[in-house]
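Notes for the structure review
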Amino acid sequence: MQLSPSVTLESHPSVIDCLEINNAFAFAKISLFGGHVLSFCPKHDQRERLWISDKSKLDGSKAIRGGVPVCWPWFGPHNDTQYPAHGYVREQQWHVTHCQDTVKGTEIILAPETCVGAGFDGLAAVCLKVTIGKQLHIELITENIGNSPFTFNAALHSYFKIEDIEQVRLNGVSGQYIDKLAQGNVLQTPSPYTFSAETDRIHLNPLNNCQIQSTSYSTNIQSDGHDSLVVWNPWIDKSAGMSDMTHDGYQTMLCVESAITQGRVLAVNEKHCLAQTIA
Ligand code: BG6
């Protein structure tokens, strides 16, 4: 596949292959392992939007801790625990099927090695369309190419870079949420939405737009095609048990994930687009 002038393939032994994008609007980096956006830094403010753990494995031996992991065709643990959490495409090698510089930015389409995997019976075609412009726009497109309907879940599991988790506010998220840390109890979203402990929440029927208000800047997140917004921070004890988190890494990250967690039925020939725009 011919890459466009703003895109370079970085390939080194024992390290995941990455696309580096440097166009008029932004710098960005995409790992082919996982079809995983690692970095987005718009030139107008030169501020990195995404967070990567200092201890993340970057050799393809484990899903990357940070950036925008693609969860598909299930979200969280599978009913059958022999299958990996968050599906199987985040640990696959993806390839570029389209790459073009346009007036709005660079468009890159990636597809996973295979959409077939143990734990999922549907016949699907999946691709990730990433547009690197003034904003980062990511679309995860799922198409039913089989002869019967299937049900799937998915997420664009973005890790956002923040200055201090204890000073951050999440604006634009309200209503009820499912608390994954309290046996799935349904609780009311706090207002203001701040953080002082481990957080793992599924907000159902969220609005399209929310904002992470950090101390000296804000990051805007638009979601489309989702039924949930998942908000996650592992805090101190959980991080200590994770081999790919440093003891203080939780302080500078917040996951706000545009997700399908309630099971989306896709009819034969139907296409679904789950999207997130980061500004
Ligand atoms: C979140 C889940 O989406 O991802 C959490 O809600 C989970 O429960 C977190 O711990 C990280 O998952 P993983 O598989 O990348 O460690």
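Figured I'd write up the structure that's included with this text. (Residues numbered from 1 in each chain as written. Predicted model: local features only at pLDDT ≥ 70, side-chain atom pairs only at ≥ 80, totals over all residues. Heavy atoms only, no water.)

1. Section: the site of the ligand
Lining the immediate environment of the ligand, one finds Arg65, Phe75, Ala85, His86, Arg90, His157, Lys180, Asp200, Val230, Trp232 and Glu257. His86 places a side-chain nitrogen or oxygen 3.1 Å from an oxygen atom of the ligand. Here an oxygen atom of the ligand and a side-chain polar atom of Lys180 are 2.9 Å apart. Taking 390 Å² as the accessible area of the ligand by itself, protein coverage stands at 82%. (Near = heavy atom within 4 Å. Polar contact = N/O pair within 3.5 Å; in protein donor to acceptor, adjacent residues only side chain to side chain. Areas by Shrake-Rupley, 256 points an atom, 1.4 Å probe, with all protein chains shown as cover.)

2. A closer look at the sheet that holds strand 1 (residues 7–10)
Sheet strands associate in pairs through backbone hydrogen bonding, adopting either a parallel or an antiparallel arrangement. Judged by pairing direction, the sheet is antiparallel, and its four strands sit side by side in the order 1-2-3-4 without closing on themselves. Edge positions in the open sheet fall to strand 1 and strand 4 (36–42), since each of these has one partner strand only. On average, adjacent strands in this sheet sit at an angle of 15° to one another, irrespective of strand direction. In the sheet, strand 2 (residues 18–22) pairs with strand 3 (residues 26–31) via five bridges, with the strands oriented antiparallel. Looking across to strand 3, one finds that Leu19 is bridged to Ile30. (Pairing = 2+ DSSP bridges. Helix = DSSP H or I, 4+ residues; strand = E, 2+ residues; numbered from the N terminus. Axes fitted to C-alpha atoms, helices over the stretch in contact; angles between N-to-C directions.)

3. Let's talk about the side chain of Ser214
Mapped onto the elements of the fold, Ser214 is located in the loop between strand 16 (209–213) and strand 17 (218–224). Those residues in contact with Ser214 that sit more than four places away from it in its chain are Ile162, Glu163 and Val168. (Contact = heavy atoms within 4.5 Å.)

4. A few points about the packing of aromatic side chains
Across all of its chains, the model carries ten aromatic pairs by this definition. Where Tyr193 meets Phe195, the ring centres are 5.2 Å apart and the plane angle is 25°; that geometry is what we call stacked. Across the pair, exposure class does not vary: Tyr193 and Phe195 are buried alike. A network of ring pairs unites the aromatic residues Trp72, Trp74, Tyr83, Tyr88, Phe120, Phe150 and Phe152 as a single cluster. (Phe/Tyr/Trp six-rings, centres within 6.5 Å; stacked < 30°, edge-to-face > 60°. Buried < 20%, exposed > 50% of the residue type's maximum accessible area, 1.4 Å probe, protein only.)

5. Observations regarding the sheet that holds strand 12 (residues 169–171)
Read across the sheet, eight strands follow the order 6-7-8-9-20-17-16-12 without closing on themselves; strand pairing throughout is antiparallel. Unpaired on one side and paired on the other, strand 6 (94–102) and strand 12 mark the two borders of the sheet. Across the sheet, the axes of successive neighbouring strands diverge by a mean angle of 15°, strand direction being ignored. Sheet topology places strand 17 next to strand 20 (residues 271–278); four bridges connect them, and they run antiparallel. If you follow Gln222 over to strand 20, its bridge partner there is Thr277.

6. Regarding the side chain of Glu257
Mapped onto the elements, Glu257 comes out in strand 19 (residues 253–266). No salt bridge is formed by the buried Glu257; the nearest opposite charge belongs to Lys180, separated by 7.1 Å. At 3.5 Å, the side chain of Glu257 and the side chain of His157 are in polar contact. (Lys, Arg positive; Asp, Glu negative; His and termini not counted. Salt bridge = Lys/Arg side-chain N within 4 Å of Asp/Glu carboxyl O.)

7. As for the environment of Tyr88
Following the sequence through the fold, Tyr88 ends up in the loop between strand 5 (70–71) and strand 6. Along the backbone, Tyr88 and Leu187 are 99 residues apart, and their C-alpha atoms lie at a distance of 31 Å. Every residue in contact with Tyr88, bar those within four places of it in the chain, is listed here: Trp72, Pro73, Trp74, Cys115, Val116, Gly117, Ala118 and Phe120.

8. Notes on the pattern of salt bridges
Under the counting rule described, the total for this entry stands at six salt bridges. Here Asp45 makes a salt bridge to Arg49, at a shortest N to O gap of 2.9 Å. According to the relative accessible area criterion, Asp45 is partly exposed, its value standing at 33%. Judged by its relative accessible area of 2%, Arg49 falls in the buried class. Residue Glu270 pairs with Arg264 through a salt bridge whose shortest N-O separation is 3.1 Å. Classification of Arg264 as partly exposed rests on a relative accessible area of 27%. By sharing partners, the salt bridges in this structure join Lys62, Arg65 and Asp244 into a single network.

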